[in-house]
Amino acid sequence: MRLHSLLLAAALLTLSAAADSIECRHCDKHFLPQPLKLIPGRKYARDRRADILHVKLDVTPDFTKRTVAGTATLRFKPIALPLEKLELDAVDLKIAAISAEGAEVAEHQVTNDKLIITFAKAIAPDAETTVAITYSAAQPEHGLYFRTPEMGYKQGDTQVWSQGEAEEHRFWFPSYDYPNERFTSEVICHVPKGMQVISNGTLQSEKPGDKGLVTFHWLQDKPHVNYLIAMAAGYFHRLEDKAGKLPLAMLVPPSYKAQAANAFADTRKIIEFYQKEIGVPFAWDKYYQVYCLDFIAGGMENTSCTFEAADMLFNSDTEQLRSLHGLDAHETAHQWFGDLVTCRDWSHLWLNEGFATYYTVLYEEQKSGTDGMKHALWKEAQEVFQANDTRPIVWRDYGDPMQQFDSRAYPKGAWVLHMLRSQLGADLYRKCIHTYLDRYRSSIVRTEDLQDVVEEVSGLSFDQFFDQWLHHGGVPELKIDYAWDAGSKQAKITVRQTQKLSEQVRLFRLPLPLGFSIPGQKEMLRFKADVSKDVEDFYFHLPAQPELLRIDPDYTVLAKIAFTPQGPMLDKQLKSDVIGRMLAISTLDGRHIDTLGKALREDAFYSVRVEAAKALARISEPEARKALIAGSSGQSDARVRKAVVQALAALNTEESQETLWKMAQSEKNPDILVSIIESWGARPGNADVAAALRTHLAGSSFHNAVQVAAVRALRAQDDEAAVPEVLARLPALNDLRGRDAGSVFDAIAFLARRPTNSHRDAVREFLTAKLNDPRAGWRIASARALGTLRDPKALAVLEPMIAGGNEHIDPVREAAAKAVQDIRASLESPVDLKKLWDKVQQLQKQAEAQEKELETLKKKGEAQNSAKQAGGNPKAAK
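Cut-offs and rules
- Residues numbered from 1 in each chain as written.
- Predicted model: local features only at pLDDT ≥ 70, side-chain atom pairs only at ≥ 80, totals over all residues.
- Heavy atoms only, no water.
- Helix = DSSP H or I, 4+ residues; strand = E, 2+ residues; numbered from the N terminus.
- Buried < 20%, exposed > 50% of the residue type's maximum accessible area, 1.4 Å probe, protein only.
- Contact = heavy atoms within 4.5 Å.
- Areas by Shrake-Rupley, 256 points an atom, 1.4 Å probe, with all protein chains shown as cover.
- Lys, Arg positive; Asp, Glu negative; His and termini not counted.
- Charge placed at Lys NZ, Arg CZ, Asp CG, Glu CD.
- Salt bridge = Lys/Arg side-chain N within 4 Å of Asp/Glu carboxyl O.
- Polar contact = N/O pair within 3.5 Å; in protein donor to acceptor, adjacent residues only side chain to side chain.
- Pairing = 2+ DSSP bridges.
- Phe/Tyr/Trp six-rings, centres within 6.5 Å; stacked < 30°, edge-to-face > 60°.
- Lys NZ or Arg CZ within 6 Å of the ring centre and 35° of its normal.
- Axes fitted to C-alpha atoms, helices over the stretch in contact; angles between N-to-C directions.
- Expected span 1.5 Å × (residues − 1).
- Disulfide = S-S within 2.5 Å.
- Parallel < 35°, antiparallel > 145°, perpendicular 65-115°, else oblique.
- Left-handed = near helix turned anticlockwise from the far one by under 90°.
- Nonpolar A, V, L, I, M, F, W, Y, C, P; charged D, E, K, R; others polar.

Attention shifts here to the overall build of the protein. Of regular secondary structure, the protein possesses 26 helices and 28 strands. The burial tally for the protein puts 54% of its 878 residues in the buried class. Restricting the contact set of the protein to residue pairs at least 6 apart, pairs at least 24 apart contribute 70%. Surface summary for the protein: the accessible area is close to 37,900 Å², and the carbon and sulfur share equals 50%. Distance between charge centroids for the protein: 4 Å, based on 109 positive and 117 negative side chains.

As structure tokens, this is what we get:
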């Protein structure tokens, strides 16, 4: 049994690493569910033996027991062959009864992940049949999530909501849970009076029902795939608007009433822009957004009703640091890309996520201008480069669909569309996309479908484009050298492709735009180098020596470009477009401190000022530090102020820390104050800082952000004297978000980790109690923190958690397995081994002494017995 547990723990740790890699790639933008089950082998679209026509759910959630019960009714017809069995996806559902119209049910079988209904007689092709399945789900692990006061959520915020993508609805209703089948649907839900229910389509009725409940009946009469079925029920504060005649609504938990308007500011503008840009009207009957407590993703684009994370709601005092227009634009774009047309299988996920990401970029241009759009593209490109993922975008070797939700589908997919648009031109690209949506409206799509439309509409071949960017991996890495020949008046450009080549990553063939600025000429001279080899030289005849060479001046190619302009060219680039300025700043060193200081104070675009702050911190020379401190004042843009704070914190000098201390006394933006407080982690032993941290710990703030920052700083200081204060504060922080609970629990465990800490037992008892918290995020945080605590007494609680389990990945079990590994590793350190060995030797000596003593007593006893037998003669005892 022990061996099995350890092997299981090791396997779970491997799965955890895979899941973490997915989560981290998009932690800034996209909160994503973890994989549920890793299955080896290539993945292809399922067979469709039956065409599902309509799905009706009639359900009653029990908010006290956190269960759901009801009836799922599916109307279908066999496609081409007689159908003897209907296989539906179903996990941990209790099936009470099954009935049918148009067929007779012979029997049904429930497996680990299927409900198999066998008919007495095979159903003929095209013969419509209806099955009704009465079922229940007790506290579903996935798919349907309750948020109640008993779970630690605020009174009056009770809600339950669904999350289907990728394949999670099977945990709360039987269904064909795969994206290559579309059908209409309806949701009937019975809830306590005062609650609201939101689902797809239009509200057919709201009326009193049985047992004092209210019945909501929603109908989606336009076909969509299974994962897009949605249901949210609970108490909500509601805002309304219209985009033309289209009803819009924003629903938030009542405790977030004050933040609702901030999230609703762009919705109507986004829809109006997309309808004009795409040329296809919004397809659904309404557009509602429902903000859900502890939502497991950033947002989910259910048809006509997007669900989003309430964690992301914000107050206006965060200034430019917080905005939900990007999330709003992304999820709204999905109403066209992902909902109106849906990827046929998960290998083509980029057709959903890449489009949504790119149209968010296009909305950024509408909202913030060309510089805003280019900066958005810059951020997407950096995400691709940092991921360094050489797998193709269209990839079939994933173990779980959620492994597709990464930098390939989102930012790289967006860049593929941007390059396509750049090569076609905006008007022709727009015509292609309009045709694509019209042709495949209410259908499922593959990458080949998009390519066929683009080639048909444009008359151009895009075989190589789609092959290298979508069916192969990596990005081009270009090292570029420039030389000027005054005699021939030619500029020589040498391009080397330096990416590591493999079966997945090949040499790229691409048109590389080049721009030359000639003295006295207003317009840049533009050329294209058709790059296709590992090393190539290109020559361009110019009227005079250029004062600036810009590689890809309009930012149209996804490539890592290594090119550093020299001397006057560098100075000229610092006055060029926003991408040119950012690239130039990244090359500056200690010789350019004045230039960086000026950019920090004066550049027109905030991201350039942010990069200047980073560069000054990187240089870290005395003059650079002075320039950074000087640039900290007068910054009206909160994004720049925060960058300066982070740069000063990175310097960690007495002068920079004093500047941060002064800024903290007047800074009103809570996000920036959080950054300052966290920087105090580098100032242990400072009495003023220690007092300030405890003052902030005792205070209150939106989402407890300031309190969490104070705890993180105390952890960084390794201030174990703070353990009782943090421990005493935790009951008041019972509404911590999952990721914040992780930070706080880890901090208090770290501070109490030493065996000499008198509060170690109390911390262990607190954390082990939270292993039973109804909130999964808290259970995960507790298990991980016990690993940080390194208390062997916790093994008695953790080890049973990792034994057994089902075939699905359980993040709590993974965290417990990692904690067990960490605790056991801590027991095997050289110091602990020596102590253990000394203890063993001591016990061995004690055992040997006791054994000798027992032997002596035994001999004495034997002597006494012998003496008695010899009549008391002592000599007889020898």
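On to the pattern of salt bridges. Counted under the stated rule, the structure contains 54 salt bridges. Two residues, R639 and D637, come together in a salt bridge whose shortest N-O distance is 2.8 Å. Taking the shortest distance from any N to any O, the salt bridge between E725 and R694 comes out at 3.0 Å. With E725 in helix α20 (residues 723-729) and R694 in helix α18 (residues 687-698), this pair connects stretches of sequence that are 31 residues apart. R694 gets classed as partly exposed once you look at its relative accessible area, which sits at 22%. One network of salt bridges, in which partners are shared, links R46, D89, K114, E167, R170 and D177.

With that out of the way, let us pick up helix α17 (residues 670-679). Among the ten residues that make up α17, eight are buried, leaving the element largely enclosed by the rest of the structure. Regarding α17, the residues found buried are D671, I672, L673, V674, S675, I676, I677 and S679. Its buried side turned inward, α17 meets α15 (638-651), α16 (654-666), α18 and α19 (705-717). Between the side-chain oxygen at the start of α17 and the backbone nitrogen of D671 there is a gap of 3.0 Å, and the oxygen is on N669.

Judged from the eight bridges that link them, strand β22 (residues 477-485) and strand β23 (residues 490-497) form a sheet pairing that is antiparallel. Each residue of the ladder has a partner; that of L478, found in β23, is Q497. Once β22 ends, the chain turns through four residues before running back antiparallel as β23, passing K489 with a positive phi of about 55°. In terms of strand pairing, β23 meets strand β26 (residues 535-541) through seven bridges, oriented antiparallel. Looking at the pairing, I493 lines up with F538 of β26.

Once that is clear, we can look at the packing of aromatic side chains. Scanning the model with the defined rule gives 34 aromatic pairs in all. A ring pair is formed by F273 and Y274, whose centres lie 5.8 Å apart and whose planes are at 50°; its orientation type is tilted. Classification of F273 as buried rests on a relative accessible area of 13%. Judged by its relative accessible area of 0%, Y274 is buried. Plain terms: the ring middles of F462 and F465 are 5.7 Å apart, the flat faces sit at 85° to each other, and that makes the pair edge-to-face. Note on accessibility: F462 and F465 belong to one class, buried. Across the ring face of F750, the terminal group of R753 is positioned such that the distance to the ring centre comes to 3.8 Å. For the cation-ring pair, R775 lies above W778, with the distance from its terminal atom to the ring centre recorded as 3.7 Å.

We now examine the sheet that holds strand β9 (residues 159-162). Paired through their backbone hydrogen bonds, the strands of a sheet run either parallel or antiparallel. Taken in spatial order, the four strands line up as β8-β9-β14-β11 in an open sheet, and their pairing is antiparallel. Every interior strand has two partners, whereas the edge strands, β8 (144-147) and β11 (196-199), have only one. When strand polarity is set aside, the average angle formed by the axes of neighbouring strands in this sheet is 10°. Pairing between β8 and β9: four bridges, direction antiparallel. Across the sheet, residue R147 finds its bridge partner in β9, namely Q159.

Right, let's get into the pairing of strand β2 (residues 67-78). As paired strands, strand β1 (residues 50-62) and β2 are joined by twelve bridges and run antiparallel to one another. Opposite I52, over in β2, you have F76 as the bridge partner. From the end of β1 to the start of β2, which pair antiparallel, there are four residues, and R66 there has a positive phi angle of about 60°. Bridge analysis of β2 against strand β7 (residues 129-138) gives ten bridges, and the strand direction is antiparallel. Residue V68 lies in a different strand from β7, and its bridge partner there is A137.

What follows deals with the sheet that holds β23. One open sheet accounts for four strands, arranged β26-β23-β22-β28; its pairing is mixed. Edge positions in the sheet fall to β26 and β28 (560-562), since each has one partner strand and no second. Strand-to-strand twist in this sheet, taken as the mean axis angle between neighbours without regard to direction, amounts to 25°.

Glancing now at the environment of S316. Structurally, the position occupied by S316 is in the loop between β19 (305-309) and α4 (325-333). According to the relative accessible area criterion, S316 is exposed, its value standing at 54%. Residues S316 and N262 lie 54 residues apart in sequence; the distance between their C-alpha atoms is 7.4 Å. Engagement of the side chain of S316 in a polar contact is seen with the side chain of N262, the distance being 3.3 Å.

With that out of the way, let us pick up helix α8 (residues 447-458). Counted at 1.5 Å a residue, the expected span for α8 with its twelve residues is 16 Å, and the 17 Å between its end C-alpha atoms agrees. Restricting attention to buried positions, one finds in α8 the residues T447, D449, L450, Q451, V453, V454 and S458. At its buried positions, α8 is contacted by α5 (350-387), α6 (408-424), α7 (426-439), β21 (443-445) and α9 (463-470). Trailing α8 by a residue or two, G459 shows a phi angle of about 75°, which is positive.

Let's shift gears to the side chain of D157. In this fold, D157 is placed in the loop between β8 and β9. Buried and unpaired, D157 has K154 as its nearest opposite-charge partner, separated by 5.7 Å. At 2.4 Å, the side chain of D157 and the side chain of S255 are in polar contact.

Moving on, we get to the state of the cysteines. Evaluated as defined, the whole model comprises zero disulfides. Looking at the unpaired C343, the closest cysteine sulfur is the one in C305, lying at 19 Å. On the basis of relative accessibility, which here comes to 0%, the residue C343 falls in the buried class.

At a minimum axis separation of 8 Å, α4 and α5 run at an interaxial angle of 130°. The angle between α4 and α5 falls in the class oblique. Seen along the crossing, α4 lies across α5 with a hand that is right-handed. Residues H325, G326, A329, H330 and A333 of α4 form the contact with α5, whose own contacting residues are E353, A356, T357, Y359, T360, Y363, E364 and K367. Counted by class, the contact of α4 with α5 contains five nonpolar, five polar and three charged residues.

Coordinates in, geometry out; function isn't part of it.
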